Every structure is written in C-alpha cells, then in structure tokens.
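Structure assessment
Residue strings, one per chain:
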Amino acid sequence: MRVLIIDDEPPARRGIALRLQRHPDIEIVGESDDGVEGLRDILRLAPDLVFLDVQMPGMNGFEVLRALPEDKMPYVVFLTAFEEHALRAFEVHALDYLLKPINDRRFRAMLEFVKAKLHAAPSHDTDQRMKGFLELQSSLSGASFAVRTGLRTKIVSQEDVLWISAAGDYVELHTKTGKVHLLRGTMTALEETVDPARFMRIHRSRIVRRDQIVEVMSEDNGEYLIKLRDGSDHRCSRTYSRILSSWIQPKKV
C-alpha cells in the first residue's frame, strides 16, 4: 500500500511515519508540508492512501481534495485537532479520521480497517460519501448552507436566514419565508462559517441577523431581550451581552 502524509507540522508527520514503518506491507511514497505541495504530490505519486491534515495555512485539507479530479481521489484518513463534538460531520458521512494527539491503539485499529477496505473492490459508496462531505464543507465555508434531506440537498442562502437556534445534534435555520431547515452540526461550528458582519451570537443556543434587530431591552440581571423584524423574541445572555452592548452604542464621529 502506497501512502502519502500531508501535514504542516513535522512532529505530526514523523509520528505517522514511525507508526507506518512497523508495517512491511506499507510504503511511504512521500511527505508534504503544506496543501499546495500535497495536491501536487497526490497527482504525481498517485498514492493509495493519504493521511491529510485538515487545518493547514494557505490551502487546507478540504480545499486540497476539492481541487482533485474525481478519478485521482485516493482513500483519505483525516488528521484533525477538532474537539470531539465537531467530529460529527466526519462520522455522519462515515469517513475515517484520527484525532490529534494520536492514540496508538486507535491508529492500529484504523489502519487494519483501511487495509481491509483497500483490499476489497473499490467502493462507489465511499466515493459518494466523500463527495457529499466536500459539498457540505464547501457550502459552509461560503455564503450558503447545504441542507440534506434523505438523498436530496437543498442550498439555503445566508441572505435568507434570519436567525439560527440549537436543536440537539442539529441547528435550525429560520428563514424569511417562515420555513425552518434542519442542519446537522453545532452552534460553535456554525458560528465560524457565517458572516460575522451580518450575524451575531447572543446565546449558546442562538445566532441572529444584525440587520433584523428592531428593538433591544436591557434587564436588571445584565441580560437583554431582543426583538427581530419577524416578531420573534430572543434573549441575549450575560456571556454575550458585551458584544451586543458594544454594537448598539452610538458610534463616535
């Protein structure tokens, strides 16, 4: 099995390489220290398996895979330091990942699983899962959301979203039409994808559109009650009250 390691951290690459050297049936064909070089190496070396860091400067792991032609897509194990709650996107799409710092037992189990997959016939299902995952990541990093319902995917523009609320393992996108779309993910992950000039987090379970706020009422406990143009009321907790307070203060000229 031909393996390529793509990670901008030398200790991380070295850790993967040392673990792989214990397996005589594996050949490390290269190591890349950034996304651009990694993309070139995938095309040049055609590895069977790529260990791919998610967070890299310049070109991250998702961008590397989106730049690849479909017929050049290797089997991928993502390397990530994401907190546990943020890993659900990988799990929902049944994609393999290793959480940093890497656990030896988890690494061995993952490698045996990957070997079995690669020795089996190529899986169209795996390709489709990867494609769906990349489409989701692409939409979240842009100006829209990809909302999956069964086999269908609906694109919801951020422009159409008035406010966002938490709903267990999902978030609810409340839109101008009154329709609510359910998107798998966390408020923390979603907060990083929306336009900060347009959206404001006011509670651990609530994000609102700034231009939809029509009234702000302060309360004795340091919290605020916010009313939006659609008539909905939302509470701003003390944790986020400083952000709101700063936003509503008259600007000096």
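Please refer to the structure higher up on the page.
Notes on the structure in this doc start here. (Residues numbered from 1 in each chain as written. Predicted model: local features only at pLDDT ≥ 70, side-chain atom pairs only at ≥ 80, totals over all residues. Heavy atoms only, no water.)

A count of helical and extended segments in the chain gives eight helices and 15 strands. Of the roughly 14000 Å² of accessible surface on the chain, a fraction of 50% belongs to carbon and sulfur atoms. (Helix = DSSP H or I, 4+ residues; strand = E, 2+ residues; numbered from the N terminus. Areas by Shrake-Rupley, 256 points an atom, 1.4 Å probe, with all protein chains shown as cover.)

Generally speaking, soluble globular proteins have nonpolar side chains that are buried together. L4, I6, I42, L52, L65 and F78 are the most contacted members of the largest nonpolar core, which has 20 residues in total. The residues touching L52, leaving out its near neighbours within four places in the chain, are I6, G61, L65, V76, V77, F78 and L79. Judged by nonpolar contacts, the second largest core, of 17 residues, contains I5, L20, V77 and L79. (Core = buried A, V, L, I, M, F, W, Y, C linked by side-chain atoms within 4.5 Å. Buried < 20%, exposed > 50% of the residue type's maximum accessible area, 1.4 Å probe, protein only. Contact = heavy atoms within 4.5 Å.)

The residue D41 is located in helix α2 (residues 35-45) in this model. A polar side-chain atom of D41 sits 3.0 Å from a polar atom in the side chain of R44. What D41 contacts, discounting residues up to four positions off in sequence, is L4, E31, S32, A46 and P47. (Polar contact = N/O pair within 3.5 Å; in protein donor to acceptor, adjacent residues only side chain to side chain.)

With that out of the way, let us pick up the pattern of salt bridges. Applying the stated criterion across every chain yields a total of 16 salt bridges. Between D41 and R44 there is a salt bridge, with the nearest N and O atoms lying 3.0 Å from each other. Of this pair, D41 and R44 both sit in helix α2, three residues apart, which is roughly one turn of the helix. Take R44: its relative accessible area is 59%, and that puts it in the exposed class. Note that K100 and D53 form a salt bridge whose closest N and O atoms lie 3.2 Å from each other. Of this pair, K100 sits in the loop between β5 (96-99) and α5 (104-119) while D53 sits in strand β3 (residues 49-53); the two residues are 47 residues apart in sequence, bridging distant segments of the chain. When its relative accessible area of 4% is taken as the criterion, D53 is described as buried. One network of salt bridges, in which partners are shared, links E159, K176, R198, R209 and D211. (Salt bridge = Lys/Arg side-chain N within 4 Å of Asp/Glu carboxyl O.)

Everything listed here is a matter of geometry and, on its own, says nothing about what the molecule does.
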